[in-house]
Amino acid sequence: MSSLQSSLEYLTQRKDIEKGGMNDWEVARQNLAAAGPLTRRLVDGVSGVRTTTALHVARSAVALGMLLPGDSRWRGAGNLFLGASSALLSPRHHYGGDGSDQVATLVQLATGAARVVPSPAAKDALLWYAALQANMAYAVSGWVKLFGKPWRDATALGGVMRTRTYGHEGMHRWTVEHPRTAKVLTHSVLALECLFPLVYARGGKLTRSMITSAAAFHVANGYFMGLSRFVPAFPAFHPLVAYTTTPRSHPVGAARDDRARTVAAVALAGGAATAAVTAVRRRMRTTEGWHTSRTLTTRHGNLLQYEEYSPGAPDRPVVVLASGLLSTSEHYAWIAERLAHETRYGVVAYARAGYAGSRRRATTGFQLSESVQDLVDLVNGAVAPHRKVILVGHSIGGELARRAARQLGDRLQGIVYLDSSHPGQFTSGLGTIERGLAGNFASVSRALRLGSGLLLTRPIWISELPYAYRKKVFAQYADARMWEAARREWKAIRADFGSFTGALARIEGVPALVVSAQRTVDRNPEQLLLHRELAEAHVGAPTETVVVEGATHESMLISSRHAHQVTDRIVAFFAGVERHSPTGSPAPAAPSGPGGRPSRPVTRKETAR
């Protein structure tokens, strides 16, 4: 029924797959860029408008036939056709698909194969597989919801009901008028999902009540949230659950082969052990640093781990790199290595407390001033007293560098702001931003602590970093400590920036280079004005503002092309500063641009290309 409904819906909305539609294949095929050539060819072969339409017509006819009474291998072939065609068409309907399509595909393939294979043991194994998937679908959904505060405090139901996409005005009004009953209903849904595997307890005596409650839940979703395909899709799991929970004393379960349950239990135990070992290995890789890493204890008792890429010439400044929120010091790899190998600057990168091998030992509540003072202590402890420093800060690292300027005084050669944060960047949407980011950081941290890091896939952006850094960056990304540190920092940023009023404090005599990512300022033009304010706060010294064309907030560091452009700008800017400084030392040669030509300095407001 779910397959029939799905295909009929797609047939009545054919405009979505035509040119210019929401699922225009010339655009949607980009989602398969990382897939193998065989997959791309198969999906391409069924993604023409005529072919897609013909497949849905055929699926509708087969699904109608499946609704007729009978039990033969032809029904198995029908199941397999519906499941396989659904999987092939899934990329074609990237926008508009939902979990009901995935459930229908799984049930069709499992039951189809069970009807076709001759072995009773294989049939039972396939039915067990689908039944266990049903248990996972409910239980995982429930336990993930528990990570979110709105579900624990029972505000989630009302929040969903007031949305335009899935909401229902009458139901939302009811939740407002009956908060206690709404809370009981919300927690009942959580209990149903989290405890669904109890259908296997007490010889299956709970099966009927559990699957009846689950079916009622899906009917309610279909009515109030408009998720009509969920109504036939998920209950298709229920006969499989009922079959596998039937006691062996019953004639239906007497000859059932239950070895799949034992295999699943062993696999679950093995998976848990593997997850634990993987988490320990990643934690060790995260905290051990590099073989040249050093540590320093700050005034707050925090242990900072830092890496000296190059000591540089004794008479040259040291570049200190400060990373952004939920960002590793290795994000600077392209910039740090180039500065270390092609200039005479010293180069130091460090991890803030809670990141990588750095540990937060402070006992007071966290505030941004703690990270600022940690940065000052790092400079004073890791850089020789006679040498000046250039602070380079990305995102929140830029704001930390700006605040550290007053405490470092004459030690500063200059500051580089890379798509920097600004304390005035928050508007009235602060509450929405806070709920999104803080909730996400907390949820991911809890999930990783429970061992889900084993299931975490490596983000595509990590592949843009130099090869030698990728494993360590992924280990940090999959470590709960980093997400917890980001959550702690974000709460402090929200409180600090939310109370900002007035203009930025003036910074006397410190040169400043402000580099913006084009995609950042395109998305929010006001951000460019804020970045210009950062430059204007520096008085009595040279300043420049630059926009790196095509760069995003992250790619200006991790993309080699954009990172090299940023490096060129940094070196060229301080070369110009030193040439015009009466006490300045001879400037280092700027890294060569394309064709071996030196990169030229940019003028104020110039766009880097």
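Please read all numbers here as calculations on a predicted model, not as lab measurements.

## Overview of helix H1 (residues 2–12)
Right, on to step 1. Taken together, the buried positions of H1 are Ser-2, Ser-3, Leu-4, Gln-5, Ser-6, Ser-7 and Tyr-10.
Right, on to step 2. Of the surrounding elements, those touching the buried residues of H1 are helix H4 (49–66), helix H5 (73–89), helix H6 (99–116) and helix H13 (230–233).

## A few points about the environment of Ser-559
Right, on to step 1. Examined against the element boundaries, Ser-559 turns out to sit in the loop between helix H25 (555–558) and helix H26 (560–579).
Right, on to step 2. Sequence separation between Ser-559 and Gly-381 is 178 residues, and the spatial gap between their C-alpha atoms is 31 Å.
Right, on to step 3. Each residue touching Ser-559, except ones within four places of it in the same chain, is listed here: Trp-334 and Glu-464.

## Brief notes about the nonpolar core
Right, on to step 1. One finds Val-320, Leu-375, Val-389, Leu-391 and Leu-418 to be the most contacted residues of the largest nonpolar core, which totals 90 residues.
Right, on to step 2. Per-element tally for this core: the top contributor is helix H22 (residues 480–498), with nine residues.
Right, on to step 3. The residues contacting Leu-391, other than those within four sequence positions of it, are Val-320, Leu-375, Val-379, Ala-401, Ala-404, Leu-408, Leu-412, Gly-414, Ile-415 and Val-416.

## A look at a positive patch on the surface
Right, on to step 1. A surface patch of like charges, here positive, comprises Arg-281, Arg-285, Arg-458 and Lys-471.
Right, on to step 2. Take Arg-285: it is sitting in helix H16 (residues 259–288).

## What about the packing of H16 against helix H21 (residues 470–477)?
Right, on to step 1. Two elements in contact, H16 and H21, have axes whose closest approach is 8 Å; the angle formed by their N-to-C orientations is 115°. Relative to H21, the element H16 is oriented roughly perpendicular. Regarding H16 and H21, the two cross each other, and that crossing is left-handed. Contacts from Arg-282, Arg-285, Thr-286 and Glu-288 of H16 reach H21 at Lys-471, Lys-472, Phe-474, Ala-475 and Gln-476.
Right, on to step 2. Here the contact of H16 with H21 is composed, by residue class, of two nonpolar, two polar and five charged.

## Considerations on the side chain of Asp-419
Right, on to step 1. Locating Asp-419 in the fold gives a position in the loop between strand E6 (412–418) and helix H20 (430–449).
Right, on to step 2. Excluding residues within four positions of it along the chain, Asp-419 makes contact with His-394, Ser-395, Val-515, Ser-516, Ala-517, Thr-520, His-531, His-553 and Met-556.

What counts, and at which threshold
- Per chain, the residues get numbers from 1 upward, laid out in the order the sequence is written.
- Local features are withheld for residues below a pLDDT of 70 in this predicted model, meaning they are given only at 70 or higher, and side-chain atom pairs are given and counted only at 80 or more; totals for whole chains, interfaces and linings count all residues.
- Side-chain measures here rest on the full set of heavy atoms in the structure, leaving out hydrogens and waters.
- To sort residues, take the accessible area from a 1.4 Å probe on protein chains only and compare it with the maximum for the residue type: under 20% means buried, over 50% means exposed, and anything in between is partly exposed.
- Where helices and strands are cited, they refer to DSSP runs of H or I of at least four residues and of E of at least two residues respectively, numbered from the N terminus.
- What makes two residues a contact is simply this: any of their non-hydrogen atoms within 4.5 Å.
- To form a nonpolar core, buried Ala, Val, Leu, Ile, Met, Phe, Trp, Tyr and Cys residues must be joined to one another through side-chain atoms within 4.5 Å.
- Residues form patches when they are more than 30% accessible in relative terms and have no salt bridge. Like charges link within 9 Å. Nonpolar side chains (Val, Leu, Ile, Met, Phe, Trp, Tyr) link within 5 Å.
- Values of accessible area rely on a 1.4 Å probe in the Shrake-Rupley scheme; residue burial ignores everything except the protein chains shown.
- Salt bridges are defined as contacts in which a side-chain nitrogen from Lys or Arg sits within 4 Å of a carboxyl oxygen from Asp or Glu.
- Just so you know, the count uses Lys and Arg for positive and Asp and Glu for negative, and it drops His and the chain ends.
- Where a charge sits is defined by one atom per residue type, namely NZ (Lys), CZ (Arg), CG (Asp) or CD (Glu).
- A fitted line through C-alpha atoms serves as each axis, taken over the contacting stretch for helices, and the angle formed by two N-to-C directions is quoted from 0 to 180°.
- Note on angle classes: values under 35 degrees are labelled roughly parallel, values over 145 roughly antiparallel, values of 65 to 115 roughly perpendicular, and the remainder oblique.
- The sense of a crossing depends on the near helix, which, turned anticlockwise from the far helix by less than a right angle, makes the crossing left-handed and, turned clockwise, makes it right-handed.
- Note on residue categories: nonpolar means Ala, Val, Leu, Ile, Met, Phe, Trp, Tyr, Cys or Pro, charged means Asp, Glu, Lys or Arg, and polar means any other residue, Gly included.

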